Amino acid sequence: MTWLAWRQQRLQILISIGLVLLTTAALVYLRFDAASLLPNQAAVRERYQGLVFNMPLFLLALPVLLGMFAGAPLFAREIEQGTLVFGLTQSISRTRWWATKLAVAGLPVAVAVTALGLVGSWALEPVNFLLSSRMSTPLFEIQGTTIGAYTVLAFAIGATAGLLVRSTLAGMAITLVTYLGVLVVVADVLRPHYQAPLYVAERFRPGPLNLPSDAWLVGHGYLDAAGNEISVSRINCQGDIATCFADQGVVQRFSQFHPGDRFWPFQLAESGLVLLLVGGLLALGAWALRRRLS
Amino acid sequence: MIEFRIDRRSGVAAYLQLVQQTRQALRLGLLKPGDRLPTAKEVVAATAMNPNTVLKAYRELERDGLVEARRGLGTFVRQSLARPEAASDGQLRAELTAWMDRALSGALEHEDVEALFKAVLQEHDLRTPEGT
Amino acid sequence: MTEGSAALDAAGLGKRYRRGWGLRDCTFQLPPGRVTALIGPNGAGKSTLMRLASGLIRPTSGTIRVLGQKPGRKGTHRKLAFLAQDKPLYRSFTVQEMLRAGAELNPGWDHDYAARLVAEADVPTNARIGTLSGGQRTRVALAMALGRRPALLLLDEPLADLDPLARKEVMQTLMAEVADMGMTVVLSSHVIADLEDVCDHLLLLAGGRVRLAGDIEDLLGEHRLMIGSRDLELPPHTVVEARTTERQATVLVRTTERVDANGWEEHKPTLEELALAHLRSARKEVAA
């Protein structure tokens with residue numbers, strides 16, 4: 001069965017891995033080239049500013065692209081072409097047929113993208129000073145272990161959607177929409193709460209917050225003399241901001257943030273969370289396979 | 001070896017056609033005692049008919065004592081139906097040929113001859129009901 | 001027939017789809033070693049029955065037993081092969097690769113046999129499935145089914161897109177296998193003439209129900225086709241169907257004895273006449 005699954009999916013698998021390897025190679029080149037320019041940060045900025053701005057978007061799209069083209073057709077195309085009936089009327093259980101196809105098509109890509117993510121974290125070190133905190137979207141999702149987890153997620157969405165809606169095209173559309181939805185919810189709603197953020201309050205003064213450069217700011221505001229948070233409007237301020245804010249009762253300002261050394265614990269937490277979601281999707285697929293198919 | 005042919009439009013059951021064709025071959029001396037009949041698989045591979053039909057025909061022939069099945073070897077002819085008179089050099093056949101020549105050279109068409117022959121045969125059967 | 005010896009055994013079998021019952025209350029047994037014609041108009045439930053037997057779908061009610069076993073989740077019964085109507089094969093595979101797939105999916109795969117069937121059909125083994133003609137494709141699909149060495153073979157409209165020569169060749173292959181291995185075959189078709197020589201057992205479906213089932217010779221022997229003037233009184237037997245033109249009446253009656261009714265001409269019906277009369281009468285029942 002492994003050979004059969006490989007023979008059926010080899011084109012998608014090879015193209016996916018090729019794409020991932022090319023990206024990895026480009027990142028490795030970036031690392032060495034940028035490192036050779038340092039400590040001249042201006043030179044690094046001049047050469048890589050544009051690339052470093054666009055690259056995260058490409059890397060953010062990579063998992064969903066792989067999920068759409070490797071995951072959605074995995075079962076949907078067999079249903080469309082009628083070969084599902086062939087596969088399910090042989091001397092092999094449904095579950096094994098399904099699991100083998102998933103493993104053969106999904107595992108190589110998952111491993112390749114995870115490797116890409118780990119290499120990426122290392123490769124981006126010399127240019128990190130050009131970027132905002134690597135714990136915020138999109139930088140968090142494109143490196144470390146999360147990019148691999150998100151690829152598996154997109155693949156599982158594609159495969160299960162294709163199985164449920166029995167159409168490759170609809171499966172791809174569902175993959176895209178669902179993946180983006182999960183990305184937004186996880187980044188905005190869940191990630192700030194993996195751990196309680198650090199809290200710092202200081203006497204109010206105008207100017208930027210005094211935070212480490214790799215910290216991820218998740219909240220900030222103003223306190224009155226009693227230590228209660230108050231909302232402040234900047235719109236009616238004329239002249240000195242400090243005086244204007246003081247007039248509104250501001251005494252202190254506070255910030256909530258996650259320090260940069262939480263990057264790896266957060267990576268693992270988010271990867272685990274995403275894989276939990278993958279488990280749920282696969283269970284749904286297994287249920288559909290037993291109950292609803294054909 | 002005998003080759004069977006099935007005429008689907010004849011209205012005669014396929015197994016009966018096989019029986020009749022075998023009997024015909026036995027009568028004409030095309031099959032002799034000791035000859036092997038084609039196996040069901042051979043018949044089927046040539047005609048695409050159902051092997052159960054072939055087996056049914058062979059069972060019928062066996063019941064009539066015309067053939068016998070030898071385990072693992074095949075089905076063999078036991079008894080001939082050939083009459084010396086029916087052979088191509090027989091006396092009766094020569095007489096019928098001469099009669100046929102006369103009939104067809106006269107006013108009768110092919111179909112008239114056939115009808116006449118059958119009618120006379122039927123009359124004969126009616127007079128001696130048990131004879132075949 | 002004793003319990004469990006049937007190749008296919010249905011009891012109160014029913015399958016309900018969202019749009020209604022595809023098969024309802026079907027009880028029948030198909031004896032082993034026989035070639036069954038599964039006849040019925042489109043939508044009669046022929047494919048549903050085959051899908052139930054191969055375990056692709058589950059019955060809504062009743063049971064179906066394949067060679068004594070209910071279809072389970074461990075795949076199709078090892079001794080059952082099912083060839084669907086569209087002859088599904090992996091289009092991008094070569095014939096050789098398709099045969100290898102058969103070996104991967106079936107522990108009891110007979111590679112030499114499957115390869116021989118393909119060779120006999122003159123299909124080049126390095127040709128891609130997608131480039132084969134309809135006839136070649138059917139031959140490969142049949143080799144894939146027979147390579148499992150089934151004791152029960154279900155073929156859904158196997159001859160639908162074949163030319164006469166290919167039809168005959170496919171049937172020759174099949175019947176040789178029946179002769180050789182004593183395999184049980186079920187062939188579905190809505191063209192009765194295709195099946196007349198090949199089948200010895202009949203299962204007639206209409207509207208998802210069994211209308212007629214049994215040995216074809218027996219069934220033909222139990223029916224008489226009566227032709228006479230339409231003014232004549234109908235013979236006192238179970239009438240399956242009576243049709244009249246301006247002057248003439250054609251009546252199919254079910255009886256084991258000669259009818260011997262005055263003025264009626266009596267015939268033994270052909271399989272086609274028998275099947276069509278039952279199907280027409282089934283349709284009238286539904287309409288009524």
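Residues numbered from 1 in each chain as written. Chains lettered and ligands numbered in written order. Predicted model: local features only at pLDDT ≥ 70, side-chain atom pairs only at ≥ 80, totals over all residues. Heavy atoms only, no water.

Q: Go over the overall build of chain C with me, naming the residues and quoting the values.
A: Regarding its fold elements, chain C presents 7 helices and 13 strands. On C-alpha atoms alone, chain C measures out to a radius of gyration of 21 Å, which is about the 19 Å that the 2.2 N^0.38 rule sets for 288 residues. Projected onto the principal axes, the alpha-carbon positions of chain C cover approximately 65 × 40 × 35 Å. Taken over 288 residues, chain C has a buried fraction of 53%. In chain C, 68% of the contacts between residues at least 6 apart in sequence involve partners at least 24 apart. Total accessible area on chain C is roughly 12800 Å²; 46% of this is exposed by carbon and sulfur atoms. Measuring between centres, the 38 positive side-chain charges of chain C sit 10 Å from its 36 negative side-chain charges. (Helix = DSSP H or I, 4+ residues; strand = E, 2+ residues; numbered from the N terminus. Rg over C-alpha atoms; globule rule 2.2 N^0.38 Å. Buried < 20%, exposed > 50% of the residue type's maximum accessible area, 1.4 Å probe, protein only. Contact = heavy atoms within 4.5 Å. Areas by Shrake-Rupley, 256 points an atom, 1.4 Å probe, with all protein chains shown as cover. Lys, Arg positive; Asp, Glu negative; His and termini not counted. Charge placed at Lys NZ, Arg CZ, Asp CG, Glu CD.)

Q: Account for the interface of chain C and chain A, naming residues and giving values.
A: Listed per partner, the contact involves 31 residues of chain C and 25 residues of chain A. Both faces considered, chain C and chain A share a buried interface measuring about 2600 Å² in area, 54% of it formed by carbon and sulfur atoms. Run the count over chain C and chain A and you get 1 salt bridge. Where C:E97 meets A:R7, a salt bridge forms, and the shortest distance between an N and an O atom there is 2.9 Å. Where chain C meets chain A, there are 14 residue pairs in polar contact (both at pLDDT 80 or more). (Buried area = accessible area lost by both parts, 1.4 Å probe. Salt bridge = Lys/Arg side-chain N within 4 Å of Asp/Glu carboxyl O. Polar contact = N/O pair within 3.5 Å; in protein donor to acceptor, adjacent residues only side chain to side chain.)

Q: Kindly report on the sheet that holds strand β8 (residues 201-206) of chain C, identifying the contributing residues and their values.
A: Residues and elements named next belong to chain C. One open sheet accounts for 6 strands, arranged β5-β6-β7-β3-β8-β9; its pairing is mixed. The outermost strands of the open sheet, each flanked by one partner alone, are β5 (80-83) and β9 (209-215). Sheet twist, expressed as the mean angle between neighbouring strand axes with direction ignored, is 15 degrees. Sheet topology places β8 next to β9; 6 bridges connect them, and they run antiparallel. By the bridge assignment for β9, L202 is matched with G214. Contacting β5 and β6 (152-156), helix α4 (residues 134-146) crosses the sheet at an angle of about 155 degrees to β6. (Pairing = 2+ DSSP bridges. Axes fitted to C-alpha atoms, helices over the stretch in contact; angles between N-to-C directions.)

Q: So, the interface of chain B and chain C: which residues are in play, and what are the values?
A: On the side of chain C, 18 residues touch chain B, which itself brings 15 residues to the contact. Regarding the contact of chain B and chain C, the summed buried area is about 1400 Å², with carbon and sulfur atoms giving 53% of it. Taken as a group, B:R8, B:K41 and B:A48 account for 37% of the area that chain B buries against chain C, more than any other trio of residues on that side. The interface formed by chain B and chain C contains 2 salt bridges. Two residues, C:D180 and B:K41, come together in a salt bridge whose shortest N-O distance is 3.1 Å. Of all elements in the fold, only α2 (40-47) and α3 (51-63) of chain B reach the threshold of two or more residues within the side of chain B that touches chain C.

Q: Requested: an account of the pattern of salt bridges, with residues and values cited.
A: Considering all chains together, one arrives at 24 salt bridges over all chains under this definition. Linking A:E270 and A:R191 is a salt bridge whose minimum nitrogen-to-oxygen distance equals 2.7 Å. Of this pair, A:E270 sits in helix α8 (residues 263-291) while A:R191 is found in the loop between α6 (168-190) and β1 (198-203), placing the two residues 79 residues apart along the sequence. Accessibility classification places A:E270 together with A:R191 in one group, the buried group. Across the salt bridge formed by B:E68 and B:R70, the nearest N and O atoms sit 3.5 Å from each other. Look at the salt bridges and you will find they share partners, linking A:E141, A:R191 and A:E270 into a network.

Q: Go over the domain arrangement of chain C, please, and point to the residues and values.
A: Residues and elements named next belong to chain C. Once the domains are mapped, chain C shows domain 1 (32-61 + 71-213) and domain 2 (222-287). When each unit is reduced to the centre of its C-alpha atoms, the spacing between domain 1 and domain 2 is 35 Å. Counting from both sides, the interface comprises 12 residues of domain 1 and, opposite them, 11 residues of domain 2. The largest per-residue losses of area from domain 1 upon contact with domain 2 belong to I192, R211 and L212, which jointly make up 50% of the total buried on that side. Connecting domain 1 to domain 2 are 1 salt bridge. (Domains from an automatic or database assignment.)

Q: Please give an account of the sheet that holds strand β1 (residues 36-37) of chain B that cites residues and values.
A: Residue and element names in this part refer to chain B. Read across the open sheet, the 3 strands follow the order β1-β3-β2; overall the sheet is antiparallel. Edge positions in the open sheet fall to β1 and β2 (67-70), since each of these has one partner strand only. Alignment of β2 against strand β3 (residues 74-77), held across 4 bridges, turns out to be antiparallel. Bridge assignment links V67 to a residue of β3, and that residue is V77. Where α3 meets the sheet, its contacts fall on β1, β2 and β3, and the angle it forms with β2 comes to roughly 115 degrees.

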